[in-house]
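Working through the structure, step by step
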Amino acid sequence: MCGPRARAFLRRGGWAVILAANVAIKTTGLIAQYLSIKQKVPDAILFFRLGDFYEMFFEDAELASRILDIQLTSRSREGAPLCGVPYHSAEPYIAKLLRAGHKVAVCEQTPTAATRGLMPRQIVRIITPGTVNDELVLSADEKNYLSVVLPAPEGFALASVDVSTGEFRVTQLGNASSLLEELRRLGPREILAAPQLGDLADRLAGLPLTRLDDSYWDSRRAAEALTQRFGPPNPALSPEMLAAGGVALLYLEQTFGAEMAHLRPPELYRASQYLQVDEVSRAHLELVVSSDGTRKGSLFSVLDQTRTAAGARTLASWLLYPLLDIDAIHRRQDAIEELFDADLGGSITAALSQIGDLERLVGRVASLKAGPRECLKLRLALEAVGELKSAFGGFRSRELERCAADLDPLPDLVGQIAAAVSDEPPMTARDGGAIRPGYDAGVDELRALSLDARSVIARLEARERERTSIGSLKVRYNQVFGYYLEITKAHLERAPADYERKQTLVGAERFTTPELKELERKILSAESGLKELETELFLKLLRAISAHAGALARTARAAGELDCLASLAQVARRRGYVRPIINTGAALSIADGRHPVLEANLKRGEFVPNDLEIDPEERQLLLITGPNMAGKSTYLRQVALIVIMAQAGSFVPATRATLGLVDRIFTRIGARDDLRRGESTFMVEMRETARLLAGLGERSLLLLDEVGRGTSTFDGLAIAWSLAEYLHDRTQARILFATHFHELTDLARERPRVKNLCMAVREWGGDVVFLRQVVEGAASRSYGIEVAKLAGLPDGLILRAREILNNLEQGELDANGMPRLARGRSRGGAQARQMDLFSPAERRAIDELKALDPDRLTPIEALNTLSRLSAVLERREKREEE
């Protein structure tokens, strides 16, 4: 027991100091045992088994009580902060801690027959966010990666493992920016970063990092661990990739366990094999997650009609990793086209629904963490695989044939599971009743004895009542005293001489006899023996199933891909999508394109489709003008979504689409600030613009919306104008540039590959009607005041805004040469026009300069003209200085 000072020190978190400095203090008993175990896992929340509860102490208790919203108390003897959860329902609490980014170490009691005094305990499992395969923690439609980052001579090696499914991927990225982008696309739950990353460590600070001791980063040891498990490595893998993969494997063996028969050998992939959509663009386009952080409202939510969790994860992966291999795209398209007119209901739907999450189920079985009920699920899933294989046997497209060939229903394994596991099994084998009657003679014998114990006890009780003439005599059982005979005090004088007193109660006495002792020994040994034998047989069954882990994993992946293809075909047929033509050209041609998400949320026929024709040779930069609410941003987004869907292999919402491959999509849509970094909306806008300019290539697709609006009108216009010129003159990227700066439309006269488009608007009875139609030409007005009126601004405010706008458009200047904002009668009947960059005098000077013919000017006329133009320029400079 701790002394008072020690208790106070521990309450203040001193245990952490003890563990860090390895300082010994005078502690004995339970707290001493706790501290010695906690020292092994200082970075984890320790679930310390005490009877029917997992208890947490000190800072673990204070942290867990806040996250789990449970009562924080204290252990009276030591004064240690304490909270706990029932051991039989700990999984939801562990899941919540993992979702909050914490590790959990589970410490169990490990008693032996010779145990006396303090119960021995040991850590049996360490659970981290990246090494969990529990359904309560995992999201069914998301992968759960553990990633390892290691520096390489030319960039960084990256290994990523999803231990719940066995997926193992490795790649190499050329620079820190590419690495960070790939990590954000993967979305790992846990990242192991090598200590020698230098400046990159600071840039990884916002990600879920786990620090490891130096022993993990021994490259030779890590690579040997990988070779020992998987055999000779792929020659294409660099030493750094092997080391990164080996670190991941060592960490998994330490935390998850060495039993991972489902883990696949590392698969090499390159980011350059896929269409790159950076993190900002994914957020703007809401590919798999919408702006509120959920699936609802995303492109994924519209395309997801999958019946299995593996199918949903496959669909999300295809949207995050669209293809650049035309042949692979065509294979997916061929499969969807064949499924388009097929009957996807009936047996196919039923089989897919019955399969469930076979991929993660295989992971739990192959890691020996599954229970009897999960084995029953596996048997039913494999039976459904046989039905699915038959249903897809008649299809002829290469992708469907490949997937159907990978489906293996493993009938012998199904029979083995059916013979071993009962039809209504318990959660765990130790609960009893997991093994089917008739499967094992030893189980049947022990079970008969265990089940017959009640009748044996009942017969003994009846016989003793008759022998003693005590009608109220009872044979009872509890865990402390075992079986005993109980006689009330009113009948104690009738107790036979061979009864041995066991316990005295207030109103009764408890006895035992040699016969009852022997019967107790047989019954209890039968029950414990039965549990041990069932557990042994069930573990043997799991190992037998694990021997088929490779075939099971291939089957699960194939079923997921078939489910994904069937979902895309079903959505395409229901929503009228068409097969796009994908080629190696640069032009993008879309007829009657539609935004898939908005269309899905509107009634049929309400969404207005639009065409697109863009080609770096003749129509490289499309300037799109028009008012807010007219649909410019929707048009930009729908073009990007159609391209992504097409290169993912899906059909697209259009009547016709011919698309040249796009290798990168960049977007600059919407306004936001970054207060955490002290950056304004405009600074964020400029940073994003700089980022996309640095990555543009000749096959890029760039979507820009309202660049320059975060600053003053003249500054914003200057930046937008210069940016448009730069994009036209120095890149071959395909660009859609939506803007409110109508002055930019003049670029179409100066740059041959700039074309003007606008959102069609009609005025009717003083109101504005947005037609949502993209047409050739430039918009004449912004209609901002009309939009404000639609938004519900007061009539007086709207009227005053019209007066001010009229003065600005007419160029009325005050005494200082500034636009007049005071009340006054506007010039009736004058045609409204967009506010000019120049004053009327400056505009006249410009017109005069344009009309000059230098060859016909006399010297004196030239000097006079120059003097007048200089005076105009001086007045402008003076106004700007003021």
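Higher on the page you've got the structure.
So, here's what we can say about the structure. From a predicted model like this one, the values you see are computed outputs, not experimental measurements. (Residues numbered from 1 in each chain as written. Predicted model: local features only at pLDDT ≥ 70, side-chain atom pairs only at ≥ 80, totals over all residues. Heavy atoms only, no water.)

Across its full length, the protein chain holds 30 helices and 27 strands. Relative to its 882 residues, the protein chain shows a buried fraction of 48%. Sequence-distant contacts in the protein chain: of pairs separated by 6 or more residues, those separated by 24 or more amount to 66%. (Helix = DSSP H or I, 4+ residues; strand = E, 2+ residues; numbered from the N terminus. Buried < 20%, exposed > 50% of the residue type's maximum accessible area, 1.4 Å probe, protein only. Contact = heavy atoms within 4.5 Å.)

Moving on, we come to the sheet that holds strand β12 (residues 267–268). A sheet is described by the order of its strands in space; here six strands give the open sequence β11-β10-β7-β8-β9-β12, paired in mixed fashion. Two strands lie at the open edges of the sheet, namely β11 (209–210) and β12, each paired on one side alone. One ladder, built from two bridges, connects strand β10 (residues 190–193) with β11; its direction is parallel. Bridge pairing links L192 to T210 in β11. Docked against the sheet, helix α9 (residues 239–255) engages β7 (146–152), β8 (155–162), β9 (167–173), β10, β11 and β12, running at close to 145 degrees with respect to β7. (Pairing = 2+ DSSP bridges. Axes fitted to C-alpha atoms, helices over the stretch in contact; angles between N-to-C directions.)

For the rest of this paragraph, the subject is the environment of L97. Of note, L97 is situated in helix α5 (residues 91–99). Of the residues examined, L97 reaches a relative accessible area of 0% and is grouped as buried. With 34 residues separating them in the primary sequence, L97 and L63 have C-alpha atoms 9.7 Å apart. The contact partners of L97, leaving out residues within four places of it in the chain, are I45, F47, A64, I67, L68, H102 and V104.

What follows is about the sheet that holds strand β17 (residues 508–512). Strands sit in the order β14-β15-β17-β16 across an open sheet of four strands; the sheet is antiparallel. At either margin of the open sheet sits one strand with a lone partner, and together these are β14 (474–478) and β16 (500–504). For this sheet, the mean angle separating the axes of adjacent strands, direction not counted, is 40 degrees. When strand β15 (residues 482–488) meets β17, the two strands line up antiparallel, connected through four bridges. Following the sheet pairing, L485 is matched in β17 by F511. With respect to the sheet, helix α20 (residues 514–546) is in contact with β14, β15, β16 and β17, its orientation differing from that of β15 by roughly 145 degrees.

Burial of helix α6 (residues 176–186) is extensive: eight of the 11 residues sit out of reach of the surface. Among the residues of α6, A176, L179, L180, E181, E182, L183, R185 and L186 are the ones counted as buried. Sitting at the head of α6, N175 places a side-chain oxygen 3.2 Å from the backbone nitrogen of S177. Positive backbone phi, approximately 65 degrees, marks G187, located one or two places after α6. (Polar contact = N/O pair within 3.5 Å; in protein donor to acceptor, adjacent residues only side chain to side chain.)

Where helix α13 (residues 326–340) meets helix α17 (residues 398–406), the axes come as close as 7 Å, and the angle between the chain directions of the two elements is 85 degrees. Comparing their axes, α17 and α13 come out roughly perpendicular. Residues D327, R331, A335, E338 and L339 of α13 form the contact with α17, whose own contacting residues are R398, E399 and L400. Here the residues of the contact of α13 with α17 are counted per class, giving three nonpolar, no polar and five charged. (Parallel < 35°, antiparallel > 145°, perpendicular 65-115°, else oblique. Nonpolar A, V, L, I, M, F, W, Y, C, P; charged D, E, K, R; others polar.)

Another aspect to go through is the pattern of salt bridges. As enumerated under the stated definition, the model contains 44 salt bridges in all. A salt bridge links E259 to R543; its shortest N-O distance comes to 3.1 Å. Note that E259 is positioned in the loop between α9 and β12 and R543 in helix α20, a separation of 284 residues in sequence. Relative accessible area serves as the criterion here: at 43%, R543 is assigned to the partly exposed category. With its nearest N and O atoms 2.6 Å apart, the salt bridge here joins D327 to R331. Taken as a pair, D327 and R331 lie in helix α13 at a separation of four residues, close to a single helical turn. (Salt bridge = Lys/Arg side-chain N within 4 Å of Asp/Glu carboxyl O.)

Tallied over the full model, the rule gives one cavity of 30 Å³ or more. What lines the largest cavity is Q305, R307, L344, I348, T349, L352, D563, A566, S567 and Q570. Elements represented by at least two residues in the lining of the largest cavity include exactly α14 (346–355) and α21 (549–575). Residue contributions to the lining of the largest cavity peak at four residues, all from α21. Taken together, the residues that form the lining of the largest cavity break down as four nonpolar, four polar and two charged. (1 Å grid on protein atoms, 1.4 Å probe; cavity = no way out; pocket = protein on both sides within 12 Å on 5 of 7 lines; lining within 4 Å. Points joined across faces, edges and corners; volume = space filled by probe spheres on them.)

Relative to the elements of secondary structure, S164 occurs in the loop between β8 and β9. Here D162 takes part through its side chain, which lies 2.6 Å from a polar atom of the side chain of S164. Within the local environment of S164, its side chain forms a polar contact with the side chain of R360, the two groups lying 3.0 Å apart. Excluding residues within four positions of it along the chain, S164 makes contact with V132, N133, L138, E359, R360 and G363.

Moving on, we come to unusual backbone geometry. Even without being a glycine, D69 presents a positive backbone phi close to 55 degrees. Locating D69 in the fold gives a position in the loop between α4 (58–68) and β3 (73–75). Phi is positive for E286, close to 55 degrees, though the residue is something other than glycine. The partly exposed category is assigned to E286, whose relative accessible area is 22%.

If you roll a probe as big as a water molecule over the atoms, it shows you where there is empty space left. In this structure, the largest pocket encloses a volume near 2,100 Å³. Forming the walls of the largest pocket are 50 residues, and the residues nearest its centre are E91, E108, R364, K369 and T428. Elements that contribute at least two residues to the lining of the largest pocket include exactly α5, β5 (103–109), β6 (121–127), α9, α16 (372–391) and α20. For the lining of the largest pocket, the element with the highest residue contribution is α20, accounting for nine residues. Taken together, the residues of the lining of the largest pocket break down into 23 nonpolar, 10 polar and 17 charged.

A word on the nonpolar core. Judged by nonpolar contacts, the single largest core of 158 residues is most densely connected at L388, I665 and L736. The dominant element in this core, judged by the number of residues it contributes, is α21, at 13 residues. Once you skip the residues sitting within four places of it in the chain, L736 turns out to touch L612, I614, L622, I624, Y635, L636, V639, L701, L702, L703 and L704. (Core = buried A, V, L, I, M, F, W, Y, C linked by side-chain atoms within 4.5 Å.)

With respect to the secondary-structure elements, R753 resides in the loop between α26 (747–750) and β26 (754–764). One buried charged residue, R753, remains without a salt bridge, the closest side chain of opposite sign being D729 at 5.7 Å. Looking at R753, its side chain comes within polar contact range of the main-chain oxygen of P616, at 3.2 Å. Once residues lying within four places of it in the same chain are set aside, the contact partners of R753 are P616, E617, E618, R619, Q620, L621, H728, T731 and Q732. (Lys, Arg positive; Asp, Glu negative; His and termini not counted.)

To continue, consider the packing of α4 against α5. Between α4 and α5, whose axes approach to 10 Å, the crossing angle comes to 95 degrees. Relative to α5, the element α4 is oriented roughly perpendicular. Along its contact with α4, which presents A64, I67 and L68, the element α5 presents Y93, K96 and L97. Among the residues forming the contact of α4 with α5, the class breakdown is five nonpolar, no polar and one charged.

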